[in-house]
Amino acid sequence: MQLLHTKTAFMKSFFVIAFSLILFSCNQSLKTKTATSGDKKDILAKASRENKNGWIYVHLEGSPSDIGYQHGYLLANDIDTSIQAVSYYLAHDTKRDWSFYRQAARNFLWDKLDREYKDEINGIVGGLHDQHKNYDSLDLTAYNAMEELAYYYVPLLDNAKNKAPGNCSAFIATGSYTKDGKIVIGHNNWTEYIVGQHWNVIADIVPEHGHHMMMDCMPGFIHSGDDFVINDNGILITETTITQFIGFDSTKTPEFMRARKAAQYSNSIDDVINIFLKDNNGGYANDWLIGDTKKNEVAKFELGLKDYRVWRSKDTAIIGSNFASDPKLIKDETTFNVNDNTTSPNARKLRMVQLVNVDMKGKLDDSTGKIIEADHVDATAGKKENNRCVICGHIDEDPKGCPEWDEPAYWPMGAVQSKVTTADLAKNMQFWAHMGHPCGENFIGATFYKAHPQYAWQAKYLNNMMAYPWTLFSAKK
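The shown structure was predicted, so the numbers you read here are calculated from the model rather than taken from an experiment.

So, how was this worked out
- Numbering of residues starts from 1 in each chain and follows the order in which that chain's sequence is written.
- Given that the model is predicted, a residue must reach a pLDDT of at least 70 before its local features are reported, and side-chain atom pairs must reach 80 or more before they are shown or counted; all residues, however, enter totals for whole chains, interfaces and linings.
- To obtain the side-chain values, all non-hydrogen atoms of the structure were included, while hydrogens and water were left out.
- The secondary structure listing takes helices from DSSP runs of H or I that are at least 4 residues long and strands from runs of E that are at least 2 residues long, numbered from the N terminus.
- Each radius of gyration reported is based on C-alpha atoms, and the globular scaling rule is 2.2 Å times the count of residues to the power 0.38.
- Under the scheme applied here, a residue whose accessible area is under 20% of the maximum for its type counts as buried, over 50% as exposed, and between as partly exposed, the area being computed with a 1.4 Å probe on protein chains only.
- Per-residue accessibility takes into account occlusion by the displayed protein chains alone, with areas from the Shrake-Rupley method and a 1.4 Å probe.
- Charged-residue counts in this description rest on Lys and Arg as positive and Asp and Glu as negative, His and the chain ends being excluded.
- To locate a charge, take atom NZ for lysine, CZ for arginine, CG for aspartate or CD for glutamate.
- In what follows, a contact means two residues having at least one pair of non-hydrogen atoms within 4.5 Å.
- Under this definition, polar contacts are N or O atom pairs within 3.5 Å; protein pairs additionally need one hydrogen-donor-capable and one acceptor-capable atom, and for neighbouring residues in sequence, both atoms have to be side-chain atoms.
- Axes here mean lines fitted to C-alpha atoms, for a helix over just the part in contact, with angles spanning 0 to 180 degrees between N-to-C directions.
- Each crossing is labelled by how the near helix is turned from the far one, with a counterclockwise turn of less than a right angle marking it left-handed and a clockwise turn marking it right-handed.
- Nonpolar residues are Ala, Val, Leu, Ile, Met, Phe, Trp, Tyr, Cys and Pro. Charged residues are Asp, Glu, Lys and Arg, and all others, Gly as well, are polar.
- Any two strands with at least two DSSP bridges between them are considered paired.
- The salt bridge definition used is simple: a Lys or Arg side-chain nitrogen within 4 Å of an Asp or Glu carboxyl oxygen.

1. Some thoughts on the overall build of the chain
- Of regular secondary structure, the chain possesses 16 helices and 17 strands.
- For 477 residues, the compact-globule formula gives about 23 Å, and the C-alpha radius of gyration of the chain, at 24 Å, lands near that figure.
- Per-residue burial for the chain yields a buried fraction of 58% across its 477 residues.
- Accessible area of the chain: about 19,000 Å², with a carbon and sulfur share of 53%.
- Put simply, the chain has 51 plus and 59 minus side-chain charges, and the middle of one group is 3 Å from the middle of the other.

In structure tokens:
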């Protein structure tokens, strides 16, 4: 009996101590959460936002969760409006509602993200919640993956062809092709205006790990998306999509995370290539144009799902307008007709070759780069036009639409913004950006819908897309 009493007393003491430790632990956890909540002002003190010439410049700095919180809090209204527009448009264009995209994020995207990027996305959600915007990590993940889900995964499910979009006109050059012999890079973003009007953020990010980087993006994106990025180790990255690409592997790593990692952690062209190759899912198949200002070297990295190829040089000019170059990739993974010069990618290719490799050879700098991205000459017609065939695209003014992308006549899509930088500017973490058509033309919704009432359904989220002046953005140091 004495032994039993001793055991009972011991057990009572054990449970009292254990309960006290648990309670202490819970209290410490609660205190930590409370302290984190109380530090919101300190977290936001590292960040800033400025609206300038159609752009939202935002400086984000700190741990992944801090960067995310700053992003979500400072851009809450913009993220809300953008997700609403994207989900509305995709429901019409892909015949899938937002719950489908959330489910895809749950099924095969979220678990493949590195902890760092989960924390950043959760931070965005926290900032949104503190601004009374009710989104969660699945919303933000699906939204970041909208290109690869809508135009690579959905066509895979539908057994459809020719769905991968053709977005963007870009170039990168160095050596004898540029005015100072150093790298010049330029890019304009082609997309549907209802979406592209929201590609209006300049994100200046100083992460806890990796490189300081600056990029254009949509509000709520942890990557650029249309891809124009510079980092503080002299790496410059842009791209144009491979049009009419077929292929996607949902078991591999999301493209949007690999794009962010390439921007944040690359020290060389090889780093960019290796990050994209690792566990490649084929989503958002691109011709990546990459520069390393330390070596004054540029490259084109053409990446499909099964095939890839690299071209690199210290004396060249490389262009992109949604055409693939490698014969094997073209044959294996696309349905694109490389011989039809009336298509948008091939017509723009003709014009860009003439401008970048001939007319402006030895003259390329930030000023001529702006001219290239705003060009309106249709090489197939030999004159200025507003249509699918010019570098500064205006499919909304084209009576043929863009058949190779299944876009009917006057589809409201084209060049929505542009960026240009040079090695010297990038060294100081600077680039030029232009919101709206690079040519300066405005899109006025009331006028457009009156002429083309079949697209009035877009008026819910697309009114005017104004063109603003070129603006030089500088990262905070």
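2. With respect to helix 7 (residues 137-144)
- By the criterion of burial, helix 7 is predominantly enclosed, with 8 of the 8 residues buried.
- Of all the positions in helix 7, only S137, L138, D139, L140, T141, A142, Y143 and N144 are classed as buried.
- Looking at the buried side of helix 7, the elements it contacts are helix 4 (76-94), helix 5 (98-109), helix 6 (115-130), helix 8 (146-158) and helix 10 (255-265).
- Where helix 7 begins, the capping side chain belongs to D136, and its oxygen is found 3.0 Å from the backbone nitrogen of L138.

3. A look at the packing of helix 3 (residues 64-74) against helix 6
- One can describe the packing of helix 3 onto helix 6 by two numbers: an axis separation of 6 Å at closest approach and a directional angle of 35°. The two elements helix 3 and helix 6 meet at a crossing, and its hand is right-handed. Every residue of helix 6 that contacts helix 3 at P64, S65, I67, G68, Y69, H71, G72 and Y73 is listed here: E116, D119, E120, G123, I124, G126, G127, L128 and D130.
- Classifying every residue of the contact of helix 3 with helix 6 by side-chain character gives 6 nonpolar, 7 polar and 4 charged.

4. Some points on the side chain of N167
- Residue placement: N167 occurs in the loop between helix 8 and strand 3 (169-174).
- Among all residues touching N167, those that are not within four sequence positions of it are E147, W190, T191, T240, T241, N322 and M413.

5. Remarks on the environment of T253
- Its location among the elements puts T253 in the loop between strand 8 (235-241) and helix 10.
- Along the backbone, T253 and Y449 are 196 residues apart, and their C-alpha atoms lie at a distance of 40 Å.
- Each residue touching T253, except ones within four places of it in the same chain, is listed here: K112, R258, D279 and N281.

6. Brief notes about the sheet that holds strand 9 (residues 286-292)
- What the 9 strands build is an open sheet, ordered 1-2-5-6-7-8-9-10-11; its pairing is mixed. Whereas interior strands pair on both sides, the edge strands pair on one side only; in this sheet they are strand 1 (48-52) and strand 11 (308-313). Going across the sheet, the axis of each strand differs from the next one's by a mean of 15°, ignoring polarity.
- As judged from the 6 bridges shared by strand 10 (residues 297-303) and strand 11, these two strands associate in the antiparallel manner. Opposite F301, over in strand 11, you have V310 as the bridge partner.
- Helix-sheet contacts for helix 11 (residues 269-277) involve strand 8, strand 9, strand 10 and strand 11, and the interaxial angle to strand 10 is about 10°.

7. A short note on the pattern of salt bridges
- Per the counting criterion, the structure on display carries 25 salt bridges.
- For D80, the salt bridge goes to K133, with nearest N and O atoms at 3.5 Å. Of this pair, D80 sits in helix 4 while K133 sits in the loop between helix 6 and helix 7, placing them 53 residues apart in sequence.
- Taking relative accessible area as the criterion, D80 reaches 14% and is therefore assigned buried.
- The residue D249 makes a salt bridge to K252 at a minimum N-O spacing of 3.7 Å.
- Residue D249 is classed as partly exposed on the basis of its relative accessible area of 21%.
- Using a relative accessible area of 29% as the deciding quantity, one classes K252 as partly exposed.
- A network of salt bridges, in which partner residues are shared, links R102, D136 and D139.

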